[in-house]
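# Architecture and fold: a report
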Amino acid sequence: MKVTDVTTFVIENPPPAFALGHFVVVRVEVDDGTIGWGEVSARVLPATVATPAVADIADRLVIGHDLRDIEGLWRRARAHAVAGVVDATTTAVLGGLEIAGWDLAGKAAGVPVHALLGGRAHESVRAATALYPSAGWREVTTNPEHAAARAANEVERGFDALFFDVAASPDSAPSAAPTQQQIVDTAQMMATLRSSLGPSADVVVRANGRFGPAGARRFVHELESFDPMWFDEPCPGDDPAALATVAATSTVAIGAGSTISSVAGFAHLTRSNAVSVVRPDLSRCGGIAAARKVAAVAEAHGCLVVPALAGGPMLGAANLQFALATANVAMIEGVRDWTGIHAQLLTSPIAVEGGRLLPPDGPGLGTELDLDVARSHAPSTTAPLPPPPGAS
């Protein structure tokens, strides 16, 4: 099954464009005509450079090779890299292509990817969603009543795990020190959420690496009484010392890892006692095999794993296959109930029932990209696509 062609589909996420402005899906064709699908993290590749970047890396490292040979792919990548260190962009692109390799392997064997990873550790996987705005409830990061209404709506739909971003305007820049008003506003939001939800849902407070350790410690102190499931990336994920400082001074668990691009980086994070929840992005960390290594490192240090999602439904399908086979995965981050564009883009949409993701029936990833839908959402501009308002 030698790779003969790699095609990139840049897909514009139409309004309301929850989470990300575009997706980068890769199609890999091999010499027997089989097609494998993967996805590259959209946070790594702007829409305008995605196609040439994938083509360049695929031409050098993938075309003419059997993509099921995952370890061979990474040996080639390290051989081409300066001092044997594969850069973050190349890692993310290869991670997306590696996912396609697993899809090809599953199709060749006639089994889902999770069967190739040792079979099911879970019969279904707990799903989590962020609090996205909806009609009448737009100010979910600044208005407690809006956040509580949206949270109640998600609980009614079966979700019992919610991501909530710290109070900040959508376009505010990260700062080493949060303002007192920001801390008070977030605490008020959490108080309202807890009062509204009671014990019906876990809440994860997400900071997206906004703060330095001193500011994050002030922030987490105010959150303790509301018992969040964890505080996600209070400091940048590539600064284990800062995260460890926060973790050492609070009863709230710390999560991080969505921007880390090597297994060694995750090992450093866990060895430093910086986190209790490890958050690999399957594309950015190098693919499914790399994520399994990350999960093993996490397990050795008593950490849970919750895959991050910086992409569309094809990356979500890969996260699901990884999670089904990985015992210490606690849940999967998603976009509401995977309807709308996230369902339309897949020939077999991700199935959600009672706040849990169900295993797909088909081989490989269990789904394909709907080409007609993907082409109908090709970007209409050559300018870089900015993140949508409220993106995190």
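Please read all numbers here as calculations on a predicted model, not as lab measurements. For every chain, the first residue of the written sequence is number 1, and numbering continues from 1 along that sequence. With pLDDT at 70 or above as the cut-off, local features in this predicted model cover only qualifying residues; side-chain atom pairs require 80 or more to be listed or tallied, and sums for whole chains, interfaces and linings still use all residues. Heavy atoms from the whole structure form the basis of all side-chain values; hydrogens and water molecules are not counted.

## Considering the overall build of the protein chain
Where helices and strands are cited, they refer to DSSP runs of H or I of at least four residues and of E of at least two residues respectively, numbered from the N terminus. Looking only at helices and strands, one finds 13 helices and 13 strands in the protein chain. Here the globule rule reads 2.2 Å times residues to the power 0.38, and the radius of gyration is calculated from C-alpha atoms. Taking 21 Å as the expected radius of gyration for a compact globule of 392 residues, we find that the protein chain reaches 20 Å, a close match to that expectation. Considered along the principal axes of its C-alpha atoms, the protein chain spans approximately 60 × 45 × 45 Å. A simple rule labels every residue: compare its accessible area, found with a 1.4 Å probe on the protein chains alone, to the largest value its type can have, and call it buried under 20%, exposed over 50%, or partly exposed in between. Taken across its 392 residues, the protein chain has 56% of its residues classed as buried. Contacts in the protein chain between residues at least 24 apart in sequence constitute 72% of all its contacts with a sequence separation of at least 6. By element, 52% of the accessible surface of the protein chain is carried by carbon and sulfur atoms, the whole surface being about 14900 Å². In this tally Asp and Glu are treated as negative and Lys and Arg as positive; neither His nor the chain ends contributes. Here the site of a charge means NZ on Lys, CZ on Arg, CG on Asp, or CD on Glu. Looking at the protein chain, you have 27 positive and 40 negative side-chain charges, and the mean spots of the two groups are 3 Å apart. We call two residues in contact when some of their heavy atoms are within 4.5 Å. Every accessible area reported is derived by Shrake-Rupley at a probe size of 1.4 Å, with residue values counting cover from the shown protein chains alone.

## With respect to the side chain of histidine 114
Along the chain, histidine 114 falls in helix H4 (residues 113-116). At 3.3 Å, the side chain of histidine 114 forms a polar contact with the side chain of arginine 120. Apart from residues no more than four positions distant in its own chain, histidine 114 is found in contact with Gly119, Arg120, Gln321, Leu324 and Ala325. Distance and chemistry together define a polar contact, namely a pair of N or O atoms within 3.5 Å, with one atom able to donate a hydrogen and the other to accept it when in protein, and with adjacent residues in sequence counting only for side-chain atoms on both sides.

## Brief notes about the pattern of salt bridges
Think of a salt bridge as a Lys or Arg side-chain nitrogen and an Asp or Glu carboxyl oxygen that are within 4 Å of each other. A complete count under the given rule lists 17 salt bridges for this structure. The residue lysine 107 makes a salt bridge to glutamate 368 at a minimum N-O spacing of 2.7 Å. Of the two residues, lysine 107 is situated in helix H3 (residues 88-109) and glutamate 368 in the loop between strand E13 (356-357) and helix H13 (371-376); the sequence distance between them amounts to 261 residues. Linking glutamate 123 and arginine 120 is a salt bridge whose minimum nitrogen-to-oxygen distance equals 3.1 Å. Under the relative-accessibility criterion, glutamate 123 is labelled exposed at 56%. Of the residues examined, arginine 120 reaches a relative accessible area of 42% and is grouped as partly exposed. Among the charged side chains, a network of salt bridges with common partners joins Arg150, Glu154, Arg157, Arg336 and Asp337.

## A look at the pairing of strand E4 (residues 125-130)
Counting buried residues along E4, six of its six residues qualify, which places the element largely inside the surrounding structure. Two strands are counted as paired when DSSP detects at least two bridges linking them. Summarising the sheet, E4 and E13 pair through two bridges and their orientation is antiparallel. Of the residues in E13, the one forming a bridge with valine 125 is leucine 357.

## Digging into the sheet that holds strand E3 (residues 35-40)
The strand order E1-E2-E3 describes an open sheet built from three strands, whose pairing is antiparallel. For this open sheet the edge positions go to strand E1 (3-12) and E3, each flanked by a neighbour on one side alone. Across the sheet, the mean angle separating the axes of adjacent strands is 25 degrees when strand polarity is ignored. The pairing of strand E2 (residues 22-30) with E3 spans six bridges and is antiparallel. When the bridges of E3 are listed, valine 26 appears paired with glycine 38. H3 contacts E1, E2 and E3 of the sheet and is inclined by roughly 150 degrees relative to E3. For helices, the fitted line uses only the C-alpha atoms of the stretch in contact; every axis is such a line through C-alpha atoms, and the angle between N-to-C directions lies from 0 to 180 degrees.

## Let's talk about the environment of valine 204
Along the chain, the position of valine 204 falls in strand E6 (residues 202-206). Sequence separation of valine 204 and alanine 253 is 49 residues, and the distance between their C-alpha atoms is 9.9 Å.

## Things to note about the packing of helix H6 (residues 180-197) against helix H7 (residues 213-223)
The angle between the axes and the distance between the axes are what describe a pair of packed helices. As a packed pair, H6 and H7 sit with axes 9 Å apart at the nearest point and diverge in direction by 25 degrees. In terms of orientation, H6 lies roughly parallel with respect to H7. The two elements H6 and H7 meet at a crossing, and its hand is right-handed. On H7, the residues touching Gln180, Gln182, Ile183, Thr186 and Met190 of H6 are Arg218, Phe219, Glu222 and Leu223. In these notes the angle categories are as follows: under 35 degrees is roughly parallel, over 145 is roughly antiparallel, 65 to 115 is roughly perpendicular, and the rest is oblique. With the far helix as reference, a near helix turned anticlockwise by less than a right angle produces a left-handed crossing, and one turned clockwise produces a right-handed crossing.

## Observations concerning the pairing of E3
Across the six residues of E3, six count as buried, placing the element largely inside the fold. From the end of E2 to the start of E3, which pair antiparallel, there are four residues, and glycine 33 there has a positive phi angle of about 90 degrees.

## Let's talk about the nonpolar core
Of all hydrophobic cores here, the largest spans 128 residues; its most connected members are Val62, Leu94, Leu97, Phe231 and Leu369. Looking at which element gives the most residues to this core, the answer is H3, with eight residues. Contacts of phenylalanine 231, omitting those with residues within four sequence positions, involve Val166, Val205, Ala207, Ala216, Phe219, Val220, Leu223, Val252, Ala253, Ile254 and Gly255. Among buried residues, those of type Ala, Val, Leu, Ile, Met, Phe, Trp, Tyr and Cys that are joined through side-chain atoms within 4.5 Å constitute a nonpolar core.

## Section: the state of the cysteines
We call a pair of cysteine sulfur atoms a disulfide when they lie within 2.5 Å. Across all of its chains, the model carries zero disulfides by this definition. Summary of cysteine pairing: cysteine 285 is not part of a disulfide, and the nearest cysteine sulfur, belonging to cysteine 303, is at 15 Å. The buried category is assigned to cysteine 285, whose relative accessible area is 5%.

Structural measurements only, silent on function.
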